[in-house]
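Chain by chain, the residues:
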Amino acid sequence: MPGPEATQISALTAAAAHALCFAGLAVAHSLAGRGALVSDPALALRLLVVCEAPVVIAAYSYLRRDARSCSFFKAVARGLIGLPFGAFLNAFGAIVLGAPVGFKYWMVTIYWSLLMSLFTFVPAACVFGASKIDWQNVLSHSIYFTPTDVENYMISASCHGAVLGAWIGAWPMPLDWERPWQEWPICVTYGAVAGHLVGMAVSWVLIAVHKRRVRAKAD
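I will try to describe carefully the structure that is included in this document.

About the cut-offs
- Residues numbered from 1 in each chain as written.
- Predicted model: local features only at pLDDT ≥ 70, side-chain atom pairs only at ≥ 80, totals over all residues.
- Heavy atoms only, no water.
- Helix = DSSP H or I, 4+ residues; strand = E, 2+ residues; numbered from the N terminus.
- Rg over C-alpha atoms; globule rule 2.2 N^0.38 Å.
- Buried < 20%, exposed > 50% of the residue type's maximum accessible area, 1.4 Å probe, protein only.
- Contact = heavy atoms within 4.5 Å.
- Areas by Shrake-Rupley, 256 points an atom, 1.4 Å probe, with all protein chains shown as cover.
- Lys, Arg positive; Asp, Glu negative; His and termini not counted.
- Charge placed at Lys NZ, Arg CZ, Asp CG, Glu CD.
- Phe/Tyr/Trp six-rings, centres within 6.5 Å; stacked < 30°, edge-to-face > 60°.
- Expected span 1.5 Å × (residues − 1).

Examining the overall build of the protein
Link 1 in the chain: For the protein, the count of helices and strands is nine helices and zero strands.
Link 2 in the chain: When the helices and strands of the protein are placed in sequence order, the string is α-α-α-α-α-α-α-α-α.
Link 3 in the chain: Relative to a compact globule of 219 residues, whose C-alpha radius of gyration would be 17 Å, the protein shows 18 Å and is just as compact.
Link 4 in the chain: The principal-axis extent of the C-alpha atoms belonging to the protein is close to 60 × 35 × 30 Å.
Link 5 in the chain: Within the protein, the proportion of its 219 residues that are buried is 48%.
Link 6 in the chain: For the protein, the proportion of contacts with a sequence separation of at least 24, taken over those separated by at least 6, is 72%.
Link 7 in the chain: For the protein, the exposed surface amounts to about 11600 Å²; the carbon and sulfur share of it is 70%.
Link 8 in the chain: Counting 15 positive and 11 negative side-chain charges, the protein places the averaged centre of each group 7 Å from the other.

Put into structure tokens, the structure is as follows:
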């Protein structure tokens, strides 16, 4: 059953947090310019990380689970520590699955991994810290079929969406179409961002349904 924190985060608060994260992506896209991810992937990815990192860390640190025992700045520190750690895990996973490892790609791989860490690892680090149980719950697919806390929906859906989107985005890479956007990690980034945005929308729907059920039980 949902914990007490579930009643403290409203659907509006969740939507506002996601809107801020979307704004970070939009600002990065605006600064980079249309088509920058294809013409200059390193620049576009760097701007995405620079614009998105402070927004994600601040938003999810505000939503930290243990607010009484963990200050906002401690949650921020957890997010900052989690960022490179999550990037390492994402880079390792991408390389194992076939991402190129040559010198030509190392910079874009670092930036892409940092962006994926912001989508998948940092939110949970800010909210839960090192709580093993919370991490297991939020990463499990069963979270979509059982009542849970609002922040769990927020983190799970957007995280799973980013990973699934990146995986789908990788499909065109080995095809011999010889298109510029087939270079690593362009189409994978498009897929990850799209999946992340879809996941945020799905999480808000789940939160709204959850809140309606809570109100129905209360009545």
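Focus on the packing of aromatic side chains
Link 1 in the chain: Inspection of every chain in the model, using the stated rule, returns eight aromatic pairs.
Link 2 in the chain: Aromatic pair tryptophan 167 and tryptophan 171: ring centres 5.2 Å apart, planes at 80°, arrangement edge-to-face. Tryptophan 171 carries the same exposure label as tryptophan 167, and that label is exposed.
Link 3 in the chain: Ring plane angle 65° and centroid distance 6.1 Å describe the contact between tryptophan 177 and tryptophan 181, whose orientation is recorded as edge-to-face.
Link 4 in the chain: Residue tryptophan 177 is classed as partly exposed on the basis of its relative accessible area of 46%.
Link 5 in the chain: Among the aromatic side chains, those forming a connected cluster through ring pairs are Phe85, Phe121 and Trp135.

Notes on helix α4 (residues 72-96)
Link 1 in the chain: With 25 residues, α4 extends 36 Å between its outermost C-alpha atoms, agreeing within 8% with the 36 Å of an ideal straight helix rising 1.5 Å per residue.
Link 2 in the chain: Buried within α4 we find Ala75, Val76, Arg78, Gly79, Gly82, Leu83, Gly86, Ala87, Asn90, Ala91 and Ala94.
Link 3 in the chain: Just downstream of α4 lies glycine 98, where phi reads positive at about 120°.

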